[in-house]
Structure formats: C-alpha cells, structure tokens
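# Report on the structure
The residues making up each chain are set out below.
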Amino acid sequence: MNRYSRHIILEEIGAHGQKKLNQAKVLVVGAGGLGCPVLQYLAAAGVGTIGIIDHDVVEESNLQRQILYGTSNLGQSKAIVAKQRLLDLNDTIIIEAFVEMLTHKNAISHFLNYDIIVDGTDNFATRYLINDAAVIANKPVVYGAIYKFEGQVSVFNYKNGPNYRCLFPNPPSKNDIPNCAEVGVLGVLPGIIGSMQANEVLKIILGFKNVLSGKLFCYNSKTTKSFTISIEKQSNTKLKDIEKIKTNFQNQSIDQICDTIVAKTTIEDAIKKKNSLFIDVRESHELPKAEHLVHTNIPLSLLENELSSIDKTKTIILFCQSGIRSATAASIMLKHNFTNCYSLENGIEAIQNYFKINA
Amino acid sequence: MTLKIKYFGMLAEITQCEEETLSFSKGTAADLLKVLFEKHPILEEKEFQIAQNQTFISNDSIISNAEIVLLPPFAGG
C-alpha cells in the first residue's frame, strides 16, 4: 500500500479510511474543466470505481484548462482518453467510460450504480437533470459551477439536505446565462473549483463531519475573495416541480419529449415579458378562447411545419388547456433553437383568471 | 437604512457595478427588489437569489442587514 502511504499515516484516514475510498463508487458527469481535476484527484486517491460520462471530443480550445488531455488527443473521445490517462495514473482502480449524453432515459439507471454523483457539466438543462435524477435515486451530488473568474461549490441532496432546486428553483431560459465557450473562463478556475469538489467527495466517502451541505461556497479568482452562504431546505410545496418531473421520468418510455428542460412561467410573469408572442397550441375548435389576450393559434400537431413563420427574436409564451401540450411545444421549439420560449402554467385557466382579476 | 448591495457573476456586468450603496426605508426582500428593478430594469429578466447575513432569503423576508448579496446561478464547467 505504498501508493496510499501519505493517506494511511493520517490519523483521520488510516488503513480503514483508505479501504472506504477503495470501495467507493463515484460517477463524474462531464469530463471538462471541472471534471478533469475531479477525476485526477479521485483516481490518485484510490477511489475504487469511477464512472465518466461525456459525449464530447477533445478540442484545442479545451487544452487551456482540461488538464487530462494533450495535443495528441485532439478529436478523440474525452471519456476514453480520460480513462486511459487515469488508468496510467492508477491501474488498481476500475474506470467506467460512457461516451454518451446524460438523458432522462439513462440518468437514474446510471446513478443507481454509484454512491456519489459529481456535477461537472456546462449547461443548466443537464444540471437540473442531474439534480432531479439524484433526488429520485437518493444520491448526493457534489456540485461545482463557474463563470469567468467566479466559482460555486456545494453538496446537494446529502443526508436529506437541500438540493439544487432549493437554491435555484427554476431553470433560467436556455441561453440566459452563457457557458465558457461563449464568455471565456480563466483556465485555473475550474482547477480550483474542481479540486474543491474532489475534496468534498473524499470527505463524504471518509465520513467526515462538515460536508459542504446546506451551504454554497463562492470564490472569485480575480479578488481571491470567498464567502459561504447558507441554503435552507425548501418545503415540499416549493419543490413540487420535482414531483412533476418524477412523473415524467417514470413515463419516459411513453413520453420521450422531455430531453430538454422546459422553462415554465406564470401568467403574471408572462404578461410582464417584453417583446412577447403568445401562441395557443390547442386545436382551433377548443374552448374557451383567450379572447382578452393578443395571441396567435398554431395547433401542436402543425407546430413543426409552422416554425419558420415564428419570429425567433420574440419571447414565446406557449399555452394550451392545462400546460402539458404547451410544455411539449416548448420542448420542440427548444430543439429548433428557439432559445427564449416558455410554457404557461395552468394554460387557458390561468389566462381566464388573470383577466377576471385584471379586466 | 443604508444598504450595501453586492452583485455577482453576470449581474455585476449587466448592472455595471459590483457593489453599490442604496438608501432603503424598511420592508421585505420583495420591496427591495422593486427598488432594484426600478434602478436596474434589466435585473427583472434575470434569475438570481438574495442573501443577507450569509443566508439566502425568500421574498417575504424582512431586510434587516446592511449588506445584501445578489447571486445568479452559474452554468459553466
């Protein structure tokens, strides 16, 4: 056990702690800026089984921060290259590489095979998917996220603690907050934040107290300032979205639309949105009509054919009878690069009530 | 009271300030948001959370502390 001697001589770890590390199973979603340092330290620490999910290939612009890859790996699968690199670092552990996207269809079955999930992704849709699937599968998530020079770290869904939706209940609209490719990032920042994520993973496995649960650690690499904010667990009523999504997950074999997370809006918020276009996606014969609301009617059955006639610069508010078909419509539009579209909660009923009160 | 408002991530960019002071009579986080939206209308379009005393607060929480943090979610990885 010479490899782990510097762990084993630590009173807090010892041979017993090292055995816990060797028995642990950790899934890292995203092998990019955050995933690379997480994977490197977990493999070096002797975490016995490490899963890597990433569908991307190595690009030259990744090399500034994604430290598992080299020039000779350009164009190769990140998950496969990472696996080879990590097995060179430590051939006593098992590395499982999945060259695929995390989806609603595969998330829960993957998560059930591991003890801890690490979120190293670069988009909100996948972050909410990880959160919701982890809540359903009852697994802790070690979360890290970055923006230019700033980073956030937390542990969600740990021992009944808060999850990501307790902090940010609603996904921002798809392109509301850009990713590293669009805005840039200081190369070392994901190294710092990813290393902190690896630290939290090890703390969880080793059973340390003071896991970063119920707290959001925030760091600014430009000012070297950091602070920690407490997150309170929200009541179930505020988290009813997860229950709704749970139904979606379970119905996934029938209903395969929700690979993208659809932004929802209330009628009050929808009315306030500027440059908006309301679209009724019900069939033309369906009643009641939204007579007080300026809108256009494109039945869901015809939507895909009509997309070219819709102005992409508008904020699209889709509504139907209850909010189910409009969510499907929003999902279709997101897939066709309409970045700013919402499904109206409670559909026509919400509109009727709004105009009853605000007539 | 005089509040110190700190903006993080893209909120600092769109409001063009990382930190500002603001006089605020009394009220809830929702009341404070009204004042902030009037000053920076673009904030209204954005997703963020408010913290005071190093704790995230809800819209009906009373503003009692001089230092308020506005924090958006980050997507990058």
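Residues numbered from 1 in each chain as written. Chains lettered and ligands numbered in written order. Predicted model: local features only at pLDDT ≥ 70, side-chain atom pairs only at ≥ 80, totals over all residues. Heavy atoms only, no water.

## Brief notes about the overall build of chain B
Within chain B one finds 2 helices and 5 strands. Reading chain B from its N terminus to its C terminus gives the helix and strand order β-α-β-α-β-β-β. Taken over C-alpha atoms, the radius of gyration comes to 12 Å for chain B, in line with the 11 Å a tight globule of 77 residues would show. Counting only C-alpha atoms, chain B reaches 35 × 25 × 20 Å along its principal axes. For chain B, with 77 residues in total, the buried portion stands at 53%. Of the roughly 3,600 Å² of accessible surface on chain B, a fraction of 47% belongs to carbon and sulfur atoms. Averaged over its 6 positive side-chain charges, chain B has a centre that lies 6 Å from the centre of its 11 negative ones. (Helix = DSSP H or I, 4+ residues; strand = E, 2+ residues; numbered from the N terminus. Rg over C-alpha atoms; globule rule 2.2 N^0.38 Å. Buried < 20%, exposed > 50% of the residue type's maximum accessible area, 1.4 Å probe, protein only. Areas by Shrake-Rupley, 256 points an atom, 1.4 Å probe, with all protein chains shown as cover. Lys, Arg positive; Asp, Glu negative; His and termini not counted. Charge placed at Lys NZ, Arg CZ, Asp CG, Glu CD.)

## With respect to the overall build of chain A
Looking only at helices and strands, one finds 14 helices and 13 strands in chain A. Relative to all contacts within chain A whose residues are 6 or more apart in sequence, the contacts with residues 24 or more apart total 68%. Of the roughly 16,400 Å² that chain A leaves accessible, carbon and sulfur atoms contribute 51%. (Contact = heavy atoms within 4.5 Å.)

## Remarks on the packing of helix α3 (residues 35-45) of chain A against helix α4 (residues 78-89) of chain A
Residues and elements named next belong to chain A. Contact geometry of α3 with α4 gives a least axis separation of 9 Å together with a crossing angle of 35 degrees. The two elements α3 and α4 meet at a crossing, and its hand is right-handed. Residues L39, Q40, A43 and A44 of α3 pack against A82, R85, L86 and L89 of α4. Here the residues of the contact of α3 with α4 sort into 6 nonpolar, 1 polar and 1 charged. (Axes fitted to C-alpha atoms, helices over the stretch in contact; angles between N-to-C directions. Left-handed = near helix turned anticlockwise from the far one by under 90°. Nonpolar A, V, L, I, M, F, W, Y, C, P; charged D, E, K, R; others polar.)

## Details of the interface of chain B and chain A
Taken together, the 23 residues of chain B in the interface contact 39 residues of chain A. Summed over both sides, the interface between chain B and chain A buries roughly 2,500 Å², with carbon and sulfur atoms accounting for 59% of that surface. Considering only the surface of chain B that becomes buried against chain A, F74(B), A75(B) and G77(B) emerge as the three largest contributors, covering 28% of it. Connecting chain B to chain A are 2 salt bridges. (Buried area = accessible area lost by both parts, 1.4 Å probe. Salt bridge = Lys/Arg side-chain N within 4 Å of Asp/Glu carboxyl O.)

## Things to note about the sheet that holds strand β10 (residues 276-280) of chain A
Two strands in a sheet stick together by hydrogen bonds in their backbones, pointing the same way (parallel) or opposite ways (antiparallel). All names here are of chain A. Strand order in the open sheet made by the 5 strands is β9-β13-β12-β10-β11, with parallel pairing throughout. Each having just a single partner strand, β9 (263-265) and β11 (296-297) make up the two edges of the open sheet. For strand β12 (residues 315-319) and strand β13 (residues 341-344), the ladder comprises 3 bridges, and the chain directions are parallel. Counted as the bridge partner of I317 is Y342 from β13. Across the face of the sheet, helix α13 (residues 324-335) comes into contact with β12 and β13 while running at roughly 170 degrees to β13. (Pairing = 2+ DSSP bridges.)

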